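For reference, the chains in residue letters:
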2 protein chains.
Amino acid sequence: MKNSLGIEIPEYIEGIGNLEPFQGAWTKLNKGWMGEQTTPPPVKASQPHFNKMCETLEEAILKCNPHNGMTVSFHHHLRGGDYLLIRTIEILDKLGIKDITLASSSLTTAHDGLVPYLKNGVITKIFSSGIRGKLGEAISYGILKTPVIIHSHGGRVRAIQTGKIRIDLAIIATSAADVEGNATGSHGKSAFGSIGYAMIDAWYAARVVVVSDSMVEYPCVPPSIRQNYVDYVVNIDTIGDASKIASGTTRITKSPLDLRIAQLAAEAIVKSGHFNNGFSFQVGAGGASLAVAKFVRKEMVKQNIKGSFLLGGVTSVLVEMLEEGLFKSIFDVQSFDAAVSSSILNNTYHIEIPSGLYANPYNCGCMTNKLDVVVLGALEIDTDFNVNVMTGNDGTIRGASGGHSDTASGAQLTVVVCPSFRGRIPIVKKEVHNIVTPGESVDVLVTERGICVHPNRPELEARLIEAGLNIRKIEDLAVEVERFTGTPKPLELLDKIVGLIEYRDGTIIDVIKQTKGDLEALYEEFNI
Amino acid sequence: MKNSLGIEIPEYIEGIGNLEPFQGAWTKLNKGWMGEQTTPPPVKASQPHFNKMCETLEEAILKCNPHNGMTVSFHHHLRGGDYLLIRTIEILDKLGIKDITLASSSLTTAHDGLVPYLKNGVITKIFSSGIRGKLGEAISYGILKTPVIIHSHGGRVRAIQTGKIRIDLAIIATSAADVEGNATGSHGKSAFGSIGYAMIDAWYAARVVVVSDSMVEYPCVPPSIRQNYVDYVVNIDTIGDASKIASGTTRITKSPLDLRIAQLAAEAIVKSGHFNNGFSFQVGAGGASLAVAKFVRKEMVKQNIKGSFLLGGVTSVLVEMLEEGLFKSIFDVQSFDAAVSSSILNNTYHIEIPSGLYANPYNCGCMTNKLDVVVLGALEIDTDFNVNVMTGNDGTIRGASGGHSDTASGAQLTVVVCPSFRGRIPIVKKEVHNIVTPGESVDVLVTERGICVHPNRPELEARLIEAGLNIRKIEDLAVEVERFTGTPKPLELLDKIVGLIEYRDGTIIDVIKQTKGDLEALYEEFNI
């Protein structure tokens, strides 16, 4: 069967089940809440004055009924600095557990070390928003029998609430915790800020273990994770290296090209009709996106515009805008540098939020649905404005869905920023390798060679033309790019599906096919 | 069938279903979480930038699918000052809705006006922690066909989570709210403090309406109720009269008798072995209970004892102890005077908590399970230490279960304070009219005529004797009391069951029988 973007989706996949094809950003959600059921959270009952403290992570895991086929979940707030996920899988491996479903809110280069556990059958299925590095390569080269499932941040909450992901054991890294499991990421030696992605795991997992490298006197405040969800607590030496949170995609660019694009994007936003008192704003991670905030800030000061809320992955740049009074509040589901933590802790209007409130489509109003302007990146964008943030130009998995489709679908103005090409590789092109966010959710594309407006928004196009911006047809831009780069050779892919890209409503928007990589060479790197 | 206290419990009641007899405070809960299922919270999906604001409460209710047989829920944080419950029922009545199940966290004298709606079939079933005034009389005299169900605060959360109470519409009074339904009780002209009882309603109700008399700029902080649970928002003139929160049972006594008992109780606590650095403490509402805090405070200062947390219904007296540094934190599920609100708002260690975290037995650790010392009142207590806080000496419903059995079962030291008799009416007696809290959960009874220790706690009794306190056998005390009061005539009750007293685990600990009151006379008072 084909989905509404014309992509062939299998009806059924062994180990996953029946698939539902994507039919449009709001088609399924328009059916409203009559469509699906949630799954009941677990009943637990503990004895008064029960001691939750375990001496070691091993002890805690042993108390949590480890078994073959179990689903284990993690959050990725420590990003490249996370130690706990690999440590947990090592322990489960030593216990002889096989056939684990790994359900992490995302996976980073810190998780390259999972490759051997995919090879030896300890992990056989993965749900994640992002996959990168060697792990992305191994999966692209076909290391797993069952395709990985890529979800958005909002989609993950929906999947847990509807029982598509049933977590047996949630291991929650926290930078401060007390003996009952009240815990936070906002202070302690490994502070990482918001712990927004882990809250849904705490609510739904059959067993919840809070792990911390800083035990504090009862009660730990703020209780970002609350004791009534926590089965066991472990104090370990270190949960990870918080200095590695701010790396790669979370740093503001210094590239002149990206800065030029960011400035153009800020101009487009300012002239869009959405740049008004009370507007709300989010910038995604990576490339030019973060830099846009700096240029928007300048214009807000100049025009004396005061915004409502900032949303999403939060950097120090956004915290400064809050402190300057340019925005009334920040809603923080993920902090992109450790410095943000003290703001969460001390500023009432820097509000830590669960990912369900951030982006889950299945509730009475997630924050992304209230967003005015979002700026997002792209690895590729096609002439229908469909965006790929998941696979590289060689077809290999090396990105993350994140909040891309969540915010794009909710915002009044979705701006995608990217260079039109890089080196010899086109970024604006006729057809992208994979689609994460459907073109219907994108309003504007900003490149160094001009700005393209989605044909659904003629009034917006007119406004930007009137403002004197360089507005171009996206088809023309793609042709121009191809003149520079030459026509890229079509990727030679194998038939096997190694990944499913789930849209936020649970339908399948795309499949990721196996690439012709050398698994054996990869195994050699790991001595396996 | 008989429950473990020897009380005859029907196996089935029309309109309610099969009943499970009480078998001991921890018998059912010891089976752990394998015993029962929770019910799934609703799936909702709203459109981006959907406008939740309604012009009137009528409009909001009409949008929420009102229908015969529906369950409507409320919280009772405004206690005697609540306006919204009656207003809502009036609207539903005008819409012609019948056969409503009323599920309020409690009912007060503010709800006397419900009597006509019980007579005319608008309301046919009630779940509540407490019932008082004319409403209690009407129910005791048999106005309803189906018995009311009395639950504890923790039991209410359990009942909602397990689907025994299925809320179709939750009407949530808030003292400040924004257009998306983020809302709180901690500021605004009708500030009432913690909104802890309403959080479970927000999570589980099919439709949620936030009502406020003070709309604030987005976002309302703290978001005690969060927008992702809220369907509609209504701004009305007034939600109630917050000055009526602090009345009756929530004021500190000035009676010399009660003060004497409170002082004795404080002495017993101080000598109990539980009065140590890091101890946690709760005092219930009413009579001598609140006064105990004052005497305990004095001794803490004298002995330089620093406690861990204060729990429960919170008064200014407790806030002062927090501010003095006598306790590290307050966990606040309900504020007993409006002055507490500013502390919730401004003190990080004054933590507003949902009633599930407070007392729900079906989770990984409610606060009552971590409690060291609790002081509770009693309308009657029998020689097995079973406590009645529900029905008066004439058998009429005039009290509340509240957190009585929740805290009694969890605390290391449960102290019940009451006079041994009042006027010609014995309070310590051979047999109580109704049981809310089983004697096994009570450790010490403190009266003006001496202190009785539960036979399960011989080591505690020895400690108190050694401390020179006047320790007596409860049987002897009851005999002595009867010498003063004379043997009370047994109550003449009718066979009809008008109320079921549910223990926190959902089993039935007692039934309330119809009393010989004159319903017709009551109807005349209401001109119905």
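Rules used throughout
Residues numbered from 1 in each chain as written. Chains lettered and ligands numbered in written order. Predicted model: local features only at pLDDT ≥ 70, side-chain atom pairs only at ≥ 80, totals over all residues. Heavy atoms only, no water. Buried < 20%, exposed > 50% of the residue type's maximum accessible area, 1.4 Å probe, protein only. Helix = DSSP H or I, 4+ residues; strand = E, 2+ residues; numbered from the N terminus. Disulfide = S-S within 2.5 Å. Contact = heavy atoms within 4.5 Å. Buried area = accessible area lost by both parts, 1.4 Å probe. Salt bridge = Lys/Arg side-chain N within 4 Å of Asp/Glu carboxyl O. Polar contact = N/O pair within 3.5 Å; in protein donor to acceptor, adjacent residues only side chain to side chain. Least-squares fit on C-alpha atoms with pLDDT ≥ 70 in both. Pairing = 2+ DSSP bridges. Lys, Arg positive; Asp, Glu negative; His and termini not counted. Phe/Tyr/Trp six-rings, centres within 6.5 Å; stacked < 30°, edge-to-face > 60°. Lys NZ or Arg CZ within 6 Å of the ring centre and 35° of its normal.

> Requested: an account of helix H5 (residues 153-161) of chain A, with residues and values cited.
Counting buried residues along H5 of chain A, 9 of its 9 residues qualify, which places the element largely inside the surrounding structure. One or two steps after H5 of chain A, the chain reaches glycine 163 of chain A, where phi turns positive at roughly 85°.

> Which residues make up the state of the cysteines, and what values go with them?
Counting across every chain of the model gives 0 disulfides over all chains. Its sulfur unpaired, cysteine 418 of chain A is 9.2 Å from the next cysteine sulfur, which belongs to cysteine 452 of chain A. No disulfide involves cysteine 364 of chain B; its sulfur sits 9.5 Å from the nearest other cysteine sulfur, which is in cysteine 64 of chain A.

> Go over the interface of chain A and chain B, please, and point to the residues and values.
With 64 residues of chain A at the interface, the matching set in chain B holds 64 residues. When the two sides are added together, the surface that chain A and chain B hide from each other amounts to roughly 5,300 Å², 57% of it contributed by carbon and sulfur. Applying the counting criterion to the chain A and chain B interface returns 4 salt bridges. Residue glutamate 180 of chain A is joined to lysine 370 of chain B by a salt bridge in which the shortest nitrogen-to-oxygen separation is 3.1 Å. Here chain A is connected to chain B by 32 residue pairs in polar contact (both at pLDDT 80 or more). For the side of chain A that touches chain B, the elements supplying multiple residues, two or more each, are helix H6 (199-204), strand E15 (307-314), strand E16 (327-335), strand E17 (350-352), helix H11 (355-359) and helix H12 (404-410) of chain A. A per-element tally of the side of chain A that touches chain B places E16 of chain A first, with 3 residues.

> How would you summarise the relation of the copies chain A and chain B if you had to cite specific residues and measurements?
Its rotation angle being 180°, the transformation that places chain A on chain B also includes 0.0 Å of axial translation and leaves an RMSD of 0.0 Å. Read as a symmetry element, the transformation amounts to a two-fold axis. When C-alpha distances to the rotation axis are compared across chain A, the minimum falls at proline 40 of chain A, with a value of 2.0 Å. A shared interface surface links the copies, since 100% of the contact residues of chain A are contact residues in chain B too.

> Tell me about the environment of histidine 153 of chain B, residues and numbers included.
Residue and element names in this part refer to chain B. Topologically, histidine 153 is positioned in helix H5 (residues 153-161). By relative accessible area, which is 8% here, histidine 153 ends up buried. Setting aside chain neighbours within four positions, we find histidine 153 in contact with His76, Ser105, Ser129, Tyr197, Gln334, Ser355, Tyr358, Gly402, Gly403 and Asp406.

> Please set out the sheet that holds strand E19 (residues 380-382) of chain A residue by residue, giving values where relevant.
All names here are of chain A. In spatial order, the strands read E20-E19-E25; together these 3 strands make up an open sheet with mixed pairing. On the outer flanks of this sheet lie strand E20 (387-388) and strand E25 (428-429), each paired with one strand and no other. In this structure, E19 lies alongside E20, joined through 2 bridges in antiparallel fashion. Each bridged residue has a counterpart across the sheet, and for glutamate 380 the counterpart in E20 is asparagine 388.

> Explain the side chain of glutamate 352 of chain B to me, and be specific about the residues and the numbers.
Note that glutamate 352 of chain B resides in strand E17 (residues 350-352). For the buried residue glutamate 352 of chain B, which engages in no salt bridge, the nearest side chain bearing the opposite charge is arginine 226 of chain A, 7.3 Å off. Only 2.7 Å separates the side chain of glutamate 352 of chain B from the side chain of serine 224 of chain B, close enough to count as a polar contact. Beyond its immediate sequence surroundings of up to four residues, glutamate 352 of chain B is in contact with Arg226 of chain A together with Gly193, Ser194, Ile195, Gly196, Met199, Ser224, Asp332 and Ile344 of chain B.

> For the sheet that holds strand E29 (residues 508-515) of chain B, give the residues involved together with the corresponding values.
All names here are of chain B. Here we have 10 strands laid out as an open sheet, ordered E3-E13-E12-E9-E4-E5-E6-E8-E28-E29, and mixed in their pairing. The open sheet is flanked by strand E3 (53-54) and E29, the only strands paired with a single partner. As paired elements, strand E4 (residues 71-74) and strand E5 (residues 100-104) share 4 bridges and run parallel to each other. Across the sheet, phenylalanine 74 pairs through a bridge with serine 104, a residue of E5.

> How would you summarise the pairing of strand E29 (residues 508-515) of chain A if you had to cite specific residues and measurements?
Residue and element names in this part refer to chain A. Among the 8 residues that make up E29, 7 are buried, leaving the element largely enclosed by the rest of the structure. By the bridge criterion, 6 bridges tie strand E28 (residues 493-502) to E29 in an arrangement that is antiparallel. Each residue of the ladder has a partner; that of glycine 499, found in E29, is isoleucine 512. Count of turn residues in the E28/E29 antiparallel hairpin: 5 residues, of which glycine 506 carries a positive phi of about 95°.

> Account for the packing of aromatic side chains, with residues named and values stated.
This model, assessed by the stated rule, comprises 22 aromatic pairs over all chains. Note on phenylalanine 279 of chain A and phenylalanine 281 of chain A: the rings are 5.9 Å apart at their centroids and 40° apart in plane angle, and the pair reads as tilted. When its relative accessible area of 2% is taken as the criterion, phenylalanine 279 of chain A is described as buried. For phenylalanine 281 of chain A, a relative accessible area of 1% puts it in the buried group. What links up through ring pairs into an aromatic cluster is the set Phe275, Phe279, Phe281 and Phe327 of chain A. One Lys or Arg, lysine 370 of chain A, reaches over the ring of tyrosine 218 of chain B and ends 4.4 Å from the middle of that ring.

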